[in-house]
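Structure assessment
This is what each chain is made of:
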Amino acid sequence: MARSATHAAIEAVFRIEWPKLIAGLTRVVRDVGVAEELAHDALVAALEQWPDEGIPDKPGAWLMATAKHRAIDAVRRAKLLRRKHEELGGELEALGGEVSDEREAIDEALDDQIGDDMLSLMFVSCHPVLATEARVALTLRMVGGLTTGEIARAFLVPEPTIAQRIVRAKRTLSEARVPFEVPRGEALGERLASVLEVVYLIFNEGYSATAGDDWLRPALCDDALRLARMLAELAPAEPEVHGLVALLEIQASRSAARSGANGEPVLLLEQDRGRWDRLLIRRGLQALERAERLGGALGPYALQAAIAACHARAATAAATDWPRIVALYDALASLVPSPVVHLNRAVAVSMAFGPAEALAIVDSLVAGGKLESYHLLCAVRGDLLVKLGRVGEARGEFERAASLTRNERERRLMQARAEACSALVAPAPLA
Amino acid sequence: MKFMMLHKTDAYYENGGLPSKELIAGVGAMVGDMVKSGKLLAADGLRSSSQGVRLEFSRGKRTVTKGPLVGENELIAGFAVMRVHSLDEAVEWASRFAGVVGDVVLDIRPATEPWDIGLGKKPEGLTTRRYIAMQKANARSEAGTPPTPLEMERMGALISEMKSAGVLLSTGGLEPSSRAARLRNFGGKQTLVDGPFAESKELVGGFVILELESRAEAIEWARRYTKVLGEVELDILPVAGLTA
């Protein structure tokens, strides 16, 4: 194999093995930061040796064994606490024997424990002791295997910012002595919610980019989907995990239809449903079934997935089951009393029961004052006013929406709608 | 990037042979790894070609050849997974597809369900079965010629009809073989060849679809997969998107 091809192959092996490597190493050294350094050392060793020796038969086991040898050195060098030293020595001794045996042993140990390790790694990366943006960055780095450069590009921030964020996050975890484990009992629900939230945030940043020129950043959506699917394998008994997978699969199925020929956003009801990805819809509906089969009332993610499924099942926009969507939003609003949920519910009410009823809901949200600077409130209100023939007022709403959004594509869409209203407004009579 | 890995079949399976327990376990573990990594989108095996048909459409004329089929041009340009009541029904839908794209050759074969190979029980009351239609590559698909707006429109209408009839489970188009790679695993030696491929005579045995970072990653997964499958040829094709 040519050298560059070998490097590409090594990079590919690393993509595949990185999360397992980090998870397995963190279990042994109890520190995500140290685990990352060791994994990185193993990569350097692979880059030195594999081009000459070829890629080993079990590259994952090779990397793990190499990293653990470095771990012994690191422990000696850093003179860690005696207790920790013994703990680590014990782990490594237990794996014991000659290098080849050791690799076999590690391979088997990995197979046994890797699921738990990976889940623990997710819980640690999304630990509440970290700020939300730190959780996002750390999860993408450790579980998603993205480089700091890739994360920085995805979030349109300078690379040093992300690097700093990750360094601080690792330090915080270390100082807080966050245990490397899957939470049990009551803590599990709360901690799982944090993991799901991080995955959802990553997806949303890709799906409706809050800043920048592009409306979609598909790589982030893919990463979030991958994390969600991993999670569904690791925690198969949790209905909300499947709910989240279902929601993301169905939303992602629309990616190709969400942008027009010039990259402009195309709203759900105007999308060409022939461009929806059937495979992802199918996967989404299956995940939703899994969530439903696990029993109990649907959680927030499963409810949102059920709403998305109503759209996915409708052959045309006109065939959408709006009354069912309103009912699902009712259930969602009782779980998540957020004004955004009420706003979305208002849109469904408009479709099911007419714009006048919906406008009353939106006006009560306006009066509540909680969504004052939310551009979609203005956009929805503008839509309803257009349907009611009040185009003059609608124009004002679209203009306000355009001034509030940070996304350039969306701003232009809102501006265009405002202008369309202008064309409909009759000229003022001459005095 | 989505990649489809198509593995080829051989005389043993074509003659109705069942996979060994070791192979089922090995493939199960491999597919399990793909699932756990969050990268597997779909995986399916195909029943032997004796249970399928080949449809050849030329200037509006349809020629039906019943299986067993002979491998002629087995390079795949697109696929659709359908849930239908009979092979005849699958043939009708495929003919509608040909009505949109024009001259085309399609193989239709039943998908392997777990109970076909002695795993689990067939659900009671199941009257439908999954069939996989594979569109063979031709000069046009190999040139990467995009569909015309009229074809796009008619395909959109057909897809939406198949969807509302509950027939279409998934569908995808594949990139020309110039962007593909082929991995051969014979005599304990793996050989990788870059596309384009002039021809492919081996019938398809099954496929997996993975969402991956790069072509190099696809090749690495393919290496692992062929080690489990044994003596096999495997095509690695980037998925372009929906068939249109």
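Since this is a predicted model, take the numbers as computed values, not measurements.

1. With respect to the overall build of chain A
What chain A contains, in helices and strands, is 19 helices and 0 strands. Scored against the burial criterion, the 431 residues of chain A give a buried share of 51%. Carbon and sulfur atoms provide 52% of the accessible area of chain A, an area that totals close to 19800 Å².

2. Here we look at the overall build of chain B
From N to C terminus, chain B includes 6 helices and 12 strands. For 244 residues, the compact-globule formula gives about 18 Å, and the C-alpha radius of gyration of chain B, at 17 Å, lands near that figure. The dimensions of chain B, computed from C-alpha atoms along their principal axes, are 45 × 45 × 35 Å. Looking at chain B as a whole, 51% of its 244 residues are labelled buried.

3. Quick look at the pairing of strand β9 (residues 181-186) of chain B
Residues and elements named next belong to chain B. The pairing of β9 with strand β10 (residues 189-194) spans 6 bridges and is classified as antiparallel. Looking at the pairing, L183 lines up with L192 of β10. Here β9 folds back onto β10, and the loop between the two strands holds 2 residues, one of which, G187, carries a positive phi near 60°.

4. A short note on unusual backbone geometry
Cis geometry marks the peptide bond from B:G67 to B:P68, where omega comes out at 0°. With respect to the helices and strands, the residue B:P68 is situated in the loop between β4 (61-66) and β5 (76-84). In this model, B:G195 is joined to B:P196 through a cis peptide bond whose omega is 5°. Structurally, B:P196 is set in the loop between β10 and β11 (204-211). For A:L156, which is not glycine, the phi torsion reads 55° and is therefore positive. With respect to the helices and strands, the residue A:L156 is situated in the loop between α7 (148-155) and α8 (159-175). Its identity is not glycine, yet B:R59 carries a phi of approximately 45°, on the positive side. Tracing the backbone through its elements, the reader meets B:R59 in the loop between β3 (53-58) and β4. B:R59 gets classed as exposed once you look at its relative accessible area, which sits at 80%.

5. Overview of the interface of chain A and chain B
A common way to report how large an interface is uses the accessible area buried once the components associate. Each partner contributes to the interface: chain A provides 28 residues, whereas chain B provides 29 residues. Summed over both partners, the interface of chain A with chain B comes to about 2500 Å²; 59% of that surface belongs to carbon and sulfur atoms. Together, A:I16, A:R278 and A:L279 form the three largest contributors to the area buried by chain A at its contact with chain B, with a combined 26%. At the junction of chain A and chain B, the tally comes to 4 salt bridges. Residue B:R224 is joined to A:E17 by a salt bridge in which the shortest nitrogen-to-oxygen separation is 2.8 Å. Counting across the interface, chain A meets chain B through 4 residue pairs in polar contact (both at pLDDT 80 or more). Elements with a contribution of two residues or more to the side of chain A that touches chain B: α1 (3-29), α10 (218-234) and α12 (278-293) of chain A.

6. A closer look at the confidence of the model for chain B
Residues and elements named next belong to chain B. A residue-level look at chain B finds 98% of positions with pLDDT of 70 or above and a mean pLDDT of 91. Of all the helices and strands in chain B, helix α5 (residues 149-164) carries the lowest mean pLDDT, 85, while strand β6 (residues 104-110) carries the highest, 97. Taken together, the chains of this predicted complex give a pTM of 0.83 and an interface ipTM of 0.78.

7. Details of the side chain of A:S125
All names here are of chain A. Structurally, the position occupied by S125 is in helix α5 (residues 99-125). Of note is the side chain of S125, whose polar atom sits 2.8 Å from the backbone oxygen of L121. In contact with S125, not counting residues within four places along its chain, are L130, R135, L138, T139, M142 and V143.

8. Section: helix α15 (residues 339-353) of chain A
For an α-helix, 3.6 residues make a turn, and residues three or four places apart therefore share a direction. All names here are of chain A. Relative to the 21 Å expected for 15 residues at 1.5 Å per residue, α15 spans 20 Å between its end C-alpha atoms, a close match to the ideal helical length. When we look at burial in α15, the residues that qualify are V341, L343, R345, A346, A348, V349 and S350. With a side-chain oxygen lying 3.0 Å from the backbone nitrogen of V340, the N-terminal cap of α15 falls on S338. At the exit of α15 stands G354, carrying a positive phi of roughly 105°.

9. As for the state of the cysteines
Residue and element names in this part refer to chain A. Evaluation of the coordinates by the stated rule reveals 0 disulfides over all chains. Take C126: it sits in no disulfide, and the sulfur closest to it among the cysteines is that of C221, at 17 Å. Free cysteine: C378, not disulfide-bonded; nearest cysteine sulfur from C421 at 13 Å.

10. Observations concerning the packing of helix α3 (residues 87-101) of chain B against α5(B)
Residue and element names in this part refer to chain B. Direction vectors running N to C along α3 and α5 enclose 165°, while the axes themselves pass 9 Å from each other. The angle between α3 and α5 places the two elements in the roughly antiparallel class. Between α3 and α5 lies a crossing of right-handed hand. Every residue of α5 that contacts α3 at W93, R96, F97, G99, V100 and V101 is listed here: E151, R154, M155, L158, E161 and M162. By residue class, the composition of the contact of α3 with α5 is 7 nonpolar, 1 polar and 4 charged.

How each quantity is defined
Residues numbered from 1 in each chain as written. Chains lettered and ligands numbered in written order. Predicted model: local features only at pLDDT ≥ 70, side-chain atom pairs only at ≥ 80, totals over all residues. Heavy atoms only, no water. Helix = DSSP H or I, 4+ residues; strand = E, 2+ residues; numbered from the N terminus. Buried < 20%, exposed > 50% of the residue type's maximum accessible area, 1.4 Å probe, protein only. Areas by Shrake-Rupley, 256 points an atom, 1.4 Å probe, with all protein chains shown as cover. Rg over C-alpha atoms; globule rule 2.2 N^0.38 Å. Pairing = 2+ DSSP bridges. Contact = heavy atoms within 4.5 Å. Buried area = accessible area lost by both parts, 1.4 Å probe. Salt bridge = Lys/Arg side-chain N within 4 Å of Asp/Glu carboxyl O. Polar contact = N/O pair within 3.5 Å; in protein donor to acceptor, adjacent residues only side chain to side chain. pLDDT = per-residue confidence, 0-100. Expected span 1.5 Å × (residues − 1). Disulfide = S-S within 2.5 Å. Axes fitted to C-alpha atoms, helices over the stretch in contact; angles between N-to-C directions. Parallel < 35°, antiparallel > 145°, perpendicular 65-115°, else oblique. Left-handed = near helix turned anticlockwise from the far one by under 90°. Nonpolar A, V, L, I, M, F, W, Y, C, P; charged D, E, K, R; others polar.

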